[in-house]
Amino acid sequence: MGARGLYVGRRAAALLAALLLALLAALLALAALYGRCRQEEPPSPRPPRPSPTAPRLTAPPGPAPAAASDRRLPRNLLPLHYDLELWPQVRPGQAGPFAFSGQVNITVHCLQDTDAALLHSSGLRSHGAAVVRGPLSEKGAVVEVAGLRMDAASEVAVLELRGRLLAGRRYVLQLGFQGRLEEDLDGLFLTRYTDQGLSSMLIASQLEPTYARTVYPCFDEPAMKATFNIRIVHDPSYVALSNMPAIDISEMKDENGSLWTVTKFNTSLKMSTYLTAFVVCDFDYVTRTERGNEIRIWARKEAVKSGYVDYALNVTGPIFSFLEDLLNVSYPLPKTDLVALPDFGAGAMENWGLMTFHESSLMYRPSDKFTSRKAMIAIIVSHELGHQWFGNLVTMNWWNDLWLNEGLASYFEYLGAIIVEPTLSLDKIFYDHVVQPVLREDNERGVRSLSQTEEKIKGSFSLISLFDSITYSKGASITWMLSGFLTEKLFIRALTSYLKEFSFSNANQDDLWIHIQMVVDAQNEVQLPASVKQIMDSWTCQNGFPVLTLNLTTGTISQEQFLNKKNENRTDSYTNTWIIPISWMRNGSSQPLMWLDKSSKVFPEMQVSESEYDWVLLNVNLNGYYRVNYDQLNLKRLACLLENDPKAIPAVSRFQLIDDVFALTQFGYIQIETALELTKYLAREDELFIWNMVLSNLVPENLESTLKNYEVYPLLKKYLLKRMLPIYHYYAGFIRENVDALEDDYFAQVYLEKLFATACWLGLQDCLNLSSELYAKWMDNPEYKIPFLIRRTVCCYGVAVGSDKEWNFAWEMYNRTDSTKEDKDILLSAMSCAKESWLLYRYLQYGLSDTLFSANYTSVIILYAVTKDIGHRIAWEFVTENWPLLSERYGKELLHDVLKVMGRFVNTDVQIQEVNQRS
């Protein structure tokens, strides 16, 4: 499944503010310095799996005895095949409520005698009598059903039998069912949209992780795979889609004589229930064939006509071919549909043969010259295509190893995207988008490990919570590290072996380790300090990650878990150790890979001389999932190196080095002066993704107003502006003269807004002038397009440095009927940038008007105002003055977010008391 406002409490905000105070106090001192420079041996490999056409008559892996969860099924019945009919009773223009009905016949193999058949069912009502036919070897045989009992708490249906199902025999469980068709985006759902000016409806499904049981009774566990024959009954004006190609379309009449269409689909491959998929819609499509695989992109008719899905169509085939060639495993289906849904909660879903996406993840306007949108689509599509192998062809045994699906797909999404967008820098984007963000999250107590035992994933455990950054981004980061120390050649060879053995079946992480170990044992080039399982379990079965501390005088490297040393309440004793691959360079030359396999170890090769030009850099290009804490000697040498020749350190390593020291400062490992020492070179830094990281550390968005209150703003302005000027003027030149030249500069499209917003916020006159110039152009010609790279900044500061004339123009543009949702959001924010109090107060008053705004916009306007320089005082007065009206009209739920944000800007005990009273 594809995945991703932050609230910082007053305590956290105070800590950050204190950090910034210390930071800027250190600037004064720096001014004088500025001129100077689970571990077990793996079992034997499993025997080869049978072919997908021959049914496996052994039980899939069951839950460990100690983990008897009420959501797990017994292993006495093994599903082999489903005959499933779904009938969503929806007609165009129908008002609702909506329902669906169906019939499922499940062929099962009995592995152990039983007088009851248990399967999953949730929110469904029984329709008609349940029947159990069989044994199938005896013609016409049935087992009498005593009753059908629904256990809503455990989401299980129990067929209680008067006879017994006998081990070794096959039976068919026949159940009719009915359910409600809701608009909640889970299970089988209905959604409304507008196409070509007309209101329309469609039906779609989202069954991961455990929503299949809400659509049809089934054995809803990933290891209980089966084949499917699916029929969908639907209104004749709609088209029906499922995992496999349609093989027959016929008509039928209901009991009232009304005509319905019946679409029958070919028999599916063996797959998990969560991958079954259904769409009933009135969409158009575009198509092409890649190596015999018919690829169709479905979307609203106006989007298809406008060419919005052409880019997705053009990249899907090449990414498919790349993955097939790389993994040496063919895609086994004859067709692939990608459906752009107007509303979809999951973002994207990899259903085998019928992938679903939120339309924003699949559509690209041909008139858009910039590549960032293309890159986003390519990454998302590549992620879901990666799942066709990792998740669909081979599925994790149980959700505790979900990272085998999502982590591997998150790794391959970037490899696939680079194939179709070769101007993207793989290592920069991967570190910026994947590794650095998860390192920021994977350091708190209570954060889970990547892989967990099944005992920890119990019935009451929310499986949805597993779809997080640990599973996706840490899983991808660990995979990146693994590929790095194995070499990509060996890693891919191992993955090919793993995929071929477990095709149409299931695996756990130990199965992956076994296949990697087999490849390692068959060659002599790569030598490991321990078994693959011992190395990798130290990363997947322990929470968090290590920080390495390096002493260059002795060559000693020690490791400990990276935790917040400033946490006064932390009394835990952590003794986790990892087996750590250390890629490193000395004086610009790459060195052989080293391993730290204990808490501390001496590496004589890393002892340096007294020469200031003798330096060491660890974790080059972030090949490992850890942070590095250098001693003062090496940090000073690296700081001088950066000032003299920043390109001597690779860009990704510069990013990592500076990000590490900021994180080490925040968590109490080093002083802020050390972090600032490494930023003195920034006037020579031309990588925008590095600048974005620096600004994100020094100028947190949620502390902008707080900074000015603490009198650190002028010091920060002095320190940052002179270093920002070169990169600012470089990009300002493009904005003024030829912004189209940036169409292939991915990071400019993603991060230039942050750079310009900071420059304007710090009062850089050229930035303010540029904003005024571009805003004035727009006022002179409303059809003029402000460069979208800095549109939000231009609109904000165009209003900020202007008068009521500029504000009124923003209001006029906001109310234009052709303004898009994004346009309106930018202008809502821009109008809160006004520097004149009366304009802000009028804006807040507008927010109370039923005729000017809907109720949900009132809180948005207050939130925008409260985070601006003068707005938080005015917003505070406005809310306190209008509290009775706001509370009566909108209720406390609407105001909850407002109070949370305003709580960060209160300054007096009286204000704190008022917040507490109103919370």
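Rules of the game
Residues numbered from 1 in each chain as written. Predicted model: local features only at pLDDT ≥ 70, side-chain atom pairs only at ≥ 80, totals over all residues. Heavy atoms only, no water. Helix = DSSP H or I, 4+ residues; strand = E, 2+ residues; numbered from the N terminus. Buried < 20%, exposed > 50% of the residue type's maximum accessible area, 1.4 Å probe, protein only. Areas by Shrake-Rupley, 256 points an atom, 1.4 Å probe, with all protein chains shown as cover. Core = buried A, V, L, I, M, F, W, Y, C linked by side-chain atoms within 4.5 Å. Contact = heavy atoms within 4.5 Å. Disulfide = S-S within 2.5 Å. Phe/Tyr/Trp six-rings, centres within 6.5 Å; stacked < 30°, edge-to-face > 60°. Lys NZ or Arg CZ within 6 Å of the ring centre and 35° of its normal. Salt bridge = Lys/Arg side-chain N within 4 Å of Asp/Glu carboxyl O. Pairing = 2+ DSSP bridges. 1 Å grid on protein atoms, 1.4 Å probe; cavity = no way out; pocket = protein on both sides within 12 Å on 5 of 7 lines; lining within 4 Å. Points joined across faces, edges and corners; volume = space filled by probe spheres on them. Nonpolar A, V, L, I, M, F, W, Y, C, P; charged D, E, K, R; others polar. Axes fitted to C-alpha atoms, helices over the stretch in contact; angles between N-to-C directions.

*Asks:* Pulling in residues and values, what's your account of the overall build of the protein?
*Replies:* Of regular secondary structure, the protein possesses 26 helices and 30 strands. Counting over 919 residues, the protein shows a buried share of 58%. For the protein, the accessible surface area stands at approximately 36,400 Å², while carbon and sulfur atoms represent 50% of it.

*Asks:* Got a sec to walk through the nonpolar core? Specific residues and values, please.
*Replies:* Residues Tyr216, Ile582 and Phe756 are the most contacted members of the largest nonpolar core, which totals 300 residues. The element that contributes the greatest number of residues to this core is helix 16 (residues 713-737), accounting for 11 residues. Contact partners of phenylalanine 756, with chain neighbours within four places excluded, come to Tyr728, Tyr731, Ala732, Ile735, Cys767, Leu770, Ile790 and Thr793.

*Asks:* Give a detailed account of helix 14 (residues 688-698), specifying residues and quantitative values.
*Replies:* Of all 11 residues that make up helix 14, 10 are buried, and the element is covered over most of its length. Every buried residue belonging to helix 14 is among Leu688, Phe689, Ile690, Trp691, Asn692, Met693, Val694, Leu695, Asn697 and Leu698, and all of these are buried.

*Asks:* Go over the state of the cysteines, please, and point to the residues and values.
*Replies:* Throughout the structure, instances matching the rule amount to 2 disulfides. Bonded cysteines in the protein are paired 1-2, 3-4 when counted in the order they occur along the chain.

*Asks:* So what about the packing of aromatic side chains? Which residues, and what values?
*Replies:* By the definition in use, this model includes 47 aromatic pairs. For the pair phenylalanine 689 and phenylalanine 747, a centre-to-centre distance of 5.1 Å together with 25° between the ring planes defines the contact as stacked. Here phenylalanine 747 lies in helix 17 (residues 746-761) and phenylalanine 689 lies in helix 14, a separation of 58 residues in the sequence. Just as phenylalanine 689 is buried, phenylalanine 747 falls in that class too. Centre to centre, the rings of tryptophan 811 and tyrosine 846 are 4.8 Å apart; their planes meet at 45°, and the pair counts as tilted. Remark: tyrosine 846 occurs in helix 22 (residues 837-847) and tryptophan 811 occurs in helix 20 (residues 804-814); sequence separation between them is 35 residues. In this arrangement the basic side chain of arginine 723 is found over the ring face of tyrosine 719, its NZ or CZ atom lying 4.0 Å from the centre. Here the basic side chain of lysine 824 rests over the ring of tyrosine 814, its NZ or CZ set 4.4 Å away from the ring centre.

*Asks:* If you had to explain the pattern of salt bridges to someone new, which residues and values would you point to?
*Replies:* Going through the model one piece at a time under the given rule, you end up with 43 salt bridges. Residue glutamate 85 is joined to arginine 231 by a salt bridge in which the shortest nitrogen-to-oxygen separation is 1.9 Å. On the criterion of sequence distance, the pair formed by glutamate 85 in strand 1 (residues 77-88) and arginine 231 in strand 12 (residues 227-234) is long-range, its members being 146 residues apart. Of the residues examined, arginine 231 reaches a relative accessible area of 34% and is grouped as partly exposed. The salt bridge involving arginine 654 is made with glutamate 685; its shortest N-O contact spans 2.8 Å. Of this pair, arginine 654 sits in helix 12 (residues 651-666) while glutamate 685 sits in the loop between helix 13 (672-677) and helix 14; the two residues are 31 residues apart in sequence, bridging distant segments of the chain. Judged on exposure class, the residue arginine 654 and its partner glutamate 685 are both buried. The structure contains a network of salt bridges with shared partners spanning Arg72, Arg75, Glu221 and Glu454.

*Asks:* Lay out the pairing of strand 10 (residues 187-195) in plain terms, naming residues and giving numbers.
*Replies:* Among the 9 residues that make up strand 10, 7 are buried, leaving the element largely enclosed by the rest of the structure. Direction of pairing for strand 10 relative to strand 11 (residues 198-206): antiparallel, over a ladder of 9 bridges. Paired with glycine 187 across the two strands is glutamine 206, which belongs to strand 11. Count of turn residues in the strand 10/strand 11 antiparallel hairpin: 2 residues, of which glutamine 196 carries a positive phi of about 55°.

*Asks:* Give a description of the layout of surface pockets that names residues and reports values.
*Replies:* Here the idea is plain: a probe the size of a water molecule rolls over the atoms and shows the empty space left. Of the pockets and cavities examined, the second largest pocket occupies roughly 1,600 Å³. Taken together, 39 residues line the second largest pocket, and the ones lying closest to its centre are Arg365, Arg791, Thr820, Glu822 and Asp823. Of all the secondary structure elements, the ones that give two or more residues to the lining of the second largest pocket are strand 10, helix 2 (301-305), helix 4 (371-387), helix 19 (791-800) and helix 21 (821-831). Top contributing element to the lining of the second largest pocket by residue count: helix 21, with 4 residues. Broken down by class, the residue content of the lining of the second largest pocket amounts to 18 nonpolar, 6 polar and 15 charged.

*Asks:* Give me the lowdown on the sheet that holds strand 7 (residues 145-151), citing residues and values where you can.
*Replies:* Taken in spatial order, the 3 strands make up an open sheet running 3-8-7, and their pairing is antiparallel. The sheet is open, and its two edges are formed by strand 3 (114-120) and strand 7, each paired on a single side. Between one strand and the next, the sheet's axes are offset by a mean angle of 20°, whatever the strand orientation.

*Asks:* So, the environment of methionine 481: which residues are in play, and what are the values?
*Replies:* Within the secondary structure, methionine 481 sits in helix 7 (residues 469-486). As a C-alpha pair, methionine 481 and glycine 624 span 143 residues in sequence and 5.2 Å in three-dimensional space. In this structure, methionine 481 is in contact with Trp539, Pro581, Asn623, Gly624 and Tyr625, ignoring residues within four places of it in sequence.

*Asks:* Please give an account of the side chain of threonine 793 that cites residues and values.
*Replies:* Take threonine 793: it is sitting in helix 19. The exposure class of threonine 793 is buried, given its relative accessible area of 4%.

*Asks:* Break down helix 10 (residues 532-540) for me, with residues and values.
*Replies:* Judged by how many residues are buried, helix 10 sits mostly within the fold: 8 of 9 residues are covered. Those residues of helix 10 that fall on the buried side of the exposure criterion are Val532, Lys533, Ile535, Met536, Asp537, Ser538, Trp539 and Thr540. Where helix 10 is buried, its residues meet helix 5 (403-420), helix 7, helix 9 (509-521), strand 24 (546-551), strand 26 (580-586) and strand 27 (589-596).

*Asks:* Can you explain unusual backbone geometry? Please cite residues and give values.
*Replies:* Residue proline 135 is reached from glycine 134 by a cis peptide bond, and omega for that bond is 5°. Within the secondary structure, proline 135 is located in the loop between strand 5 (131-133) and strand 6 (142-143). The step from glutamate 208 to proline 209 runs through a cis peptide bond, and the omega angle for that step is 0°. One can find proline 209 in the loop between strand 11 and strand 12. Phi is positive for leucine 185, which is not a glycine, with a value near 70°.

*Asks:* Which residues make up the sheet that holds strand 20 (residues 348-349), and what values do they have?
*Replies:* Strand-to-strand pairing in sheets goes through backbone hydrogen bonds, with the strands running parallel or antiparallel. In space, the 5 strands of this open sheet follow the order 17-18-19-21-20, with mixed pairing throughout. This sheet does not close on itself; its edge strands, each paired only once, are strand 17 (284-290) and strand 20. Relative to the sheet, helix 3 (residues 310-327) contacts strand 17, strand 18 (293-299) and strand 19 (335-341), its axis offset from that of strand 17 by approximately 25°. Against the sheet, helix 4 makes contact with strand 19, strand 20 and strand 21 (354-358), and its axis sits at roughly 150° relative to strand 21, the strand it touches most.

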